[in-house]
Amino acid sequence: MKEFDVIVVGGGHAGIEAANAAAKMGKKTLLLTMLVEQIGAASCNPAIGGLAKGHLVKEIDALGGLMALATDNSGLQFRVLNENRGPAVRGSRAQIDMDRYRIFMRDKILNTPNLTVAQEIVDEILTKNGKITGVKTNLLNIYECKALILTTGTFMRGLMHFGPVKLEGGRFHELPAKKISASLEELGFELERLKTGTTARIDARSIDFSKMDIQPGDKNPKPFSFRTKNFNPTQLPCYITYTNEKTHDIIKSNFHRAPLFTGQIEGIGPRYCPSIEDKLNKFPDKDRHHVFIEPQTKEATEYYLNGLSTSLPMDVQEDFIHSIPGLENAKIVRFGYAIEYDFIQPTILKHSLETKTIEGLFFAGQINGTTGYEEAAAQGIMAGINAALKIDEKEPIIFRRDEAYIGVLIDDLVTKGTNEPYRMFTSRSEYRLLLREDNAILRLGDYGYKLGLLDEETYKDIQKLKEEINKGMEILNKTFITPNKELNVKLETLGEEKIQNKMELRKLVARHTFDKEKLLEIAPELKILSQEALEQILIEARYHHYIERQKAQIDKMKEMLSVKIPEDFEYKGIPGLSREIVEKLEKFRPVTLFAASEISGVTPAAIDIIHMYINMRKNKR
């Protein structure tokens, strides 16, 4: 029997961040994983980030996590998506060398102080009087702990589908975790099923890239991590091709053999990343779909067919792949497959990701119904942080929806639950202008440092950047410019319209045509500031009024949530409140609107209605 403070089950993206955070916060931590060499394995696509997902990666980085660093060290191509749109909806994405990413993560974990790694499968969760006490493994080892974090990914009763062929496993040729599902059920947890999938991998020598459109990386790539210095990666191109009428005919004529439609697959798949057969079923009139051809390693010997996730039989996979331009002679190294696995409704969790029924038990990642490496890692780092804080008898870190995308993610999960794999989008955030990728380190860096997850040097860099931004904004806000010949000539030279009235310098800089070069021409005193600070100053100036408006909304929300609910307040009969919400409110009798908002299923709209009726009651008296 061995004793630990924290035990993390699973060495995927959630498990890595959870174990790293707990160990760095001084807790004696054990990471239990089926295969040590698969720590950090990218099960599906060879990429990190994307729209909204990039926000999560940068927030994880601000909290001292590993995902951004691993991406910068293994990246093959870096691009900013939506670069021509506003900063709130841009998303950084990187193709990664899957082998190097995994090795980087494995080596980091194996060299982290306070962290022990063991290659075992957890069979049983041990509790006493409603509290976690430890786990029992397949090797009959018993490990005691004060907090347990389950990050089981797709392994709990994992079942893979290759057409009619069904294989048990969490990944191809990796065992499923079956007994842990049974152990959770014995503890009273109800398990449900979800489904995800992957695509075939192709031998690079068999691809005709001349028939495809090339997709290069950004000319001036930016790193994911604030801590990455001297960033100058070698970038590889991706390619784009398309399905066609022949492809679609092959797939549609084999719908009767698709596990998705025959009833063989029970779990619900991701709505926003469907298999190719699901796309054709839902969008039968669309004449083609994108296929992104992405390298899996620096050597580019094998390519991932992004957009062609499938569980169709192997002969059908070969036929429809060979119908696509550039893939006529493609040799399949690994076939695509769908995988079903157990998950729990995340409404059984607190915002700290600790379960409501068993003290010290935390869930993170796909076990909570999410999809994606980034969503898993974000939950993992928060579970690791909060497990460590719980052991120290400190309050958990719970980000509000206006503080972080991580806050949006967790709040959505624990208050609404999910019946399909949950994926993060910028549209899920009500405060997108405040929660940008570019300011993640400014928003959350203080947390990372105070928790002991960011080093002193990094924190000093963050503070310096904040000071530079404040200094620059102070100059723009306090400097007034007046229309005169010299200024208007300069503006004309810069390709800018003349000004007619006296104004704050900030208002001039707020023009969408202004860039850093023009800014320094108009305000040369800002030349002492860093490029990062100048970028932030331009964004702050450009969106000043919108940002101030969102901040005012947040202040109003905070004020509203502090409102006390009268002890004799009657919820029944209030229009707009569902029977389910009324039952929950009457059961828990929250004392404030904030406490009401914390109850699973009580929506922001319901809070607004209750607030209105509290005010109406006050006015009547």
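Each remark here, short or long, concerns the structure printed above.
Let me sum up the structure you'll find in this document. Within each chain, residues carry numbers counting from 1 in the order of the written sequence. Totals for whole chains, interfaces and linings use every residue, but because this is a predicted model, local features are given only for residues with pLDDT of at least 70 and side-chain atom pairs only at 80 or more, for both listing and counting. The basis for the side-chain values is all heavy atoms of the structure; hydrogens and waters are excluded.

So, on to the sheet that holds strand β22 (residues 361-363). Note on pairing: two strands pair once DSSP finds at least 2 bridges between them. Helical segments are the DSSP runs of H or I of at least four residues, strand segments are the runs of E of at least two, and each set is numbered from the N terminus. As summarised here, the arrangement of the five strands in space is β7-β3-β2-β11-β22, forming an open sheet in which the pairing is parallel. Of all the strands in the sheet, just β7 (115-119) and β22 have a single pairing partner and so form its edges. Sheet twist, expressed as the mean angle between neighbouring strand axes with direction ignored, is 20 degrees. As paired strands, strand β11 (residues 147-150) and β22 are joined by three bridges and run parallel to one another. Axis definition: a line fit to C-alpha positions, over the contact stretch in the case of helices; interaxial angles, taken between N-to-C directions, run 0 to 180 degrees.

Where helix α1 (residues 13-24) meets helix α10 (residues 373-391), the closest approach of the two axes is 7 Å, and the angle between their N-to-C directions is 25 degrees. One element, α1, and the other, α10, form an angle in the roughly parallel class. Considering how the two elements wind past one another, α1 and α10 form a crossing that is right-handed. Facing His-13, Ala-14, Glu-17, Ala-18, Ala-21 and Ala-22 of α1, the residues of α10 in contact are Tyr-373, Ala-376, Ala-377, Gly-380, Ile-381, Gly-384, Ile-385 and Ala-388. Gly counts as polar in this scheme, as do all residues outside two lists: the nonpolar Ala, Val, Leu, Ile, Met, Phe, Trp, Tyr, Cys and Pro, and the charged Asp, Glu, Lys and Arg. Of the residues belonging to the contact of α1 with α10, the class tally is ten nonpolar, three polar and one charged. Oblique is the label for every angle not falling under 35 degrees (roughly parallel), over 145 degrees (roughly antiparallel), or within 65 to 115 degrees (roughly perpendicular). Crossing chirality is assigned from the near helix's rotation relative to the far helix, an anticlockwise turn below a right angle marking it left-handed and a clockwise turn marking it right-handed. Contact between two residues is taken to exist if any of their heavy atoms lie within 4.5 Å; hydrogens are not considered.

Aromatic pairing here means that ring centres of Phe, Tyr or Trp (its six-membered ring) are within 6.5 Å. Orientation follows from the plane angle: under 30 degrees is stacked, over 60 is edge-to-face, and everything else is tilted. All chains considered together, the criterion is met by twelve aromatic pairs. Between Phe-162 and Tyr-337 the ring centres are 5.0 Å apart and the planes differ by 35 degrees, which places this aromatic pair in the tilted class. You can see Phe-162 sitting in strand β12 (residues 159-162) and its partner Tyr-337 sitting in strand β21 (residues 337-344), a full 175 residues away along the chain. Residues Phe-209 and Tyr-239 carry aromatic rings whose centres are separated by 4.4 Å and whose planes lie at 35 degrees to one another, so their mutual orientation is tilted. Taken together, the residues Phe-209 in the loop between β15 (201-203) and β16 (213-215) and Tyr-239 in strand β17 (residues 238-242) connect sequence positions 30 residues apart. Taking relative accessible area as the criterion, Tyr-239 reaches 14% and is therefore assigned buried. An aromatic cluster is present here, built from Phe-162, Phe-172 and Tyr-337 joined pairwise through their rings. One residue, Arg-288, lies across the ring of Tyr-242, its end atom 3.6 Å from the ring centre. Here, over-ring charges are defined by two tests on the NZ atom of lysine or the CZ atom of arginine: distance to the ring centre within 6 Å, and angle to the ring normal within 35 degrees. The residue whose ring lies beneath Lys-502 is Phe-480, and the NZ or CZ to ring-centre distance is 5.5 Å. Relative accessibility thresholds used throughout: buried, under 20% of the residue-type maximum; exposed, over 50%; partly exposed, between the two (1.4 Å probe, protein chains only).

Moving on: a nonpolar patch on the surface. Every patch collects residues that have over 30% relative accessible area and no salt bridge, joining them within 9 Å if they carry like charges and within 5 Å if they are nonpolar side chains (Val, Leu, Ile, Met, Phe, Trp, Tyr). Each accessible area is a Shrake-Rupley result for a 1.4 Å probe, and residues are judged covered by the shown protein chains and nothing else. The rule for a salt bridge is simple: a side-chain nitrogen of Lys or Arg has to be within 4 Å of a carboxyl oxygen of Asp or Glu. Together, Val-165, Leu-167 and Phe-172 make up a nonpolar patch on the protein surface, roughly 230 Å² of accessible area in all. Examined against the element boundaries, Leu-167 turns out to sit in strand β13 (residues 165-168). What makes Leu-167 partly exposed here is its relative accessible area of 33%.

The next point concerns unusual backbone geometry. For Leu-140, which is not a glycine, the phi torsion comes out positive at approximately 70 degrees. Judged by its relative accessible area of 63%, Leu-140 is exposed. The backbone of Glu-393 shows a phi angle near 60 degrees, a positive value even though the residue is not glycine. Glu-393 gets classed as exposed once you look at its relative accessible area, which sits at 74%.

The next point concerns the sheet that holds strand β5 (residues 75-81). Strands sit in the order β4-β6-β5 across an open sheet of three strands; the sheet is antiparallel. Unpaired on one side and paired on the other, β4 (47-49) and β5 mark the two borders of the sheet. Mean inter-strand twist for the sheet, computed between neighbouring axes without regard to direction, equals 20 degrees. Taken together, the three bridges between β4 and strand β6 (residues 91-96) define a ladder with antiparallel strand orientation. When the sheet's bridge partners are listed, Ala-47 is paired in β6 with Gln-95. Relative to β4, helix α2 (residues 53-62) is tilted by about 80 degrees, and along the sheet it contacts β4 and β6. Its contacts with the sheet place helix α3 (residues 67-74) against β4, β5 and β6, and it is angled at close to 115 degrees to β5.

With that out of the way, let us pick up helix α11 (residues 405-416). A helix is expected to span 1.5 Å multiplied by its residue count minus one. With twelve residues, α11 should cover 16 Å at 1.5 Å per step; its first-to-last C-alpha distance of 16 Å lies within 8% of that length. Summarising burial for α11: eleven of the twelve residues are buried, a large majority. Along α11, the residues that are buried comprise Tyr-405, Ile-406, Gly-407, Val-408, Leu-409, Ile-410, Asp-411, Asp-412, Leu-413, Val-414 and Thr-415. Looking at the buried positions of α11, the neighbouring elements they touch are α2, α10 and α20 (593-597). Phi for Gly-417, located one or two positions after α11, is positive at around 70 degrees.

Turning our attention to the pairing of β13. Two faces, one strand: in a regular strand the side chains alternate between the faces of the sheet. Bridge analysis of β12 against β13 gives four bridges, and the strand direction is antiparallel. Across the sheet, Phe-162 pairs through a bridge with Val-165, a residue of β13. Between β12 and β13, which pair antiparallel and follow one another directly, the connecting turn spans two residues, one of which, Gly-163, has a positive phi of 65 degrees.

This part covers the layout of surface pockets. What the second largest pocket holds in volume is close to 1600 Å³. Definitions used throughout: a 1 Å grid over protein atoms alone; a cavity as a set of points that fits a 1.4 Å probe which cannot get out; a pocket as an open set with protein on both sides within 12 Å along at least five of seven lines; a lining residue as one with an atom within 4 Å of a point. If you trace the second largest pocket, you find 44 residues lining it, with Lys-222, Asp-438, Gln-531, Glu-532 and Glu-535 closest to the centre. When contributions to the lining of the second largest pocket are tallied by element, the ones reaching two or more residues are α2, α12 (440-450), α13 (456-478), α16 (516-522) and α17 (531-542). It is α17 that provides the largest number of residues to the lining of the second largest pocket, a total of seven residues. Across the lining of the second largest pocket, the residue classes tally to 14 nonpolar, ten polar and 20 charged. Grid points are joined across faces, edges and corners, and a volume is the space filled by probe spheres set on the points.

Now for the packing of α2 against α10. The geometry of α2 relative to α10 is characterised by a closest axis approach of 9 Å and an angle of 30 degrees between their N-to-C directions. Classified by the angle between their axes, α2 and α10 sit roughly parallel to one another. Considering only the axes of α2 and α10, their crossing is left-handed. Across the interface between the two elements, Lys-53, Leu-56, Val-57 and Ile-60 of α2 pack against Glu-374, Glu-375, Ala-377, Ala-378 and Ile-381 of α10. Taken together, the residues that form the contact of α2 with α10 break down as six nonpolar, no polar and three charged.

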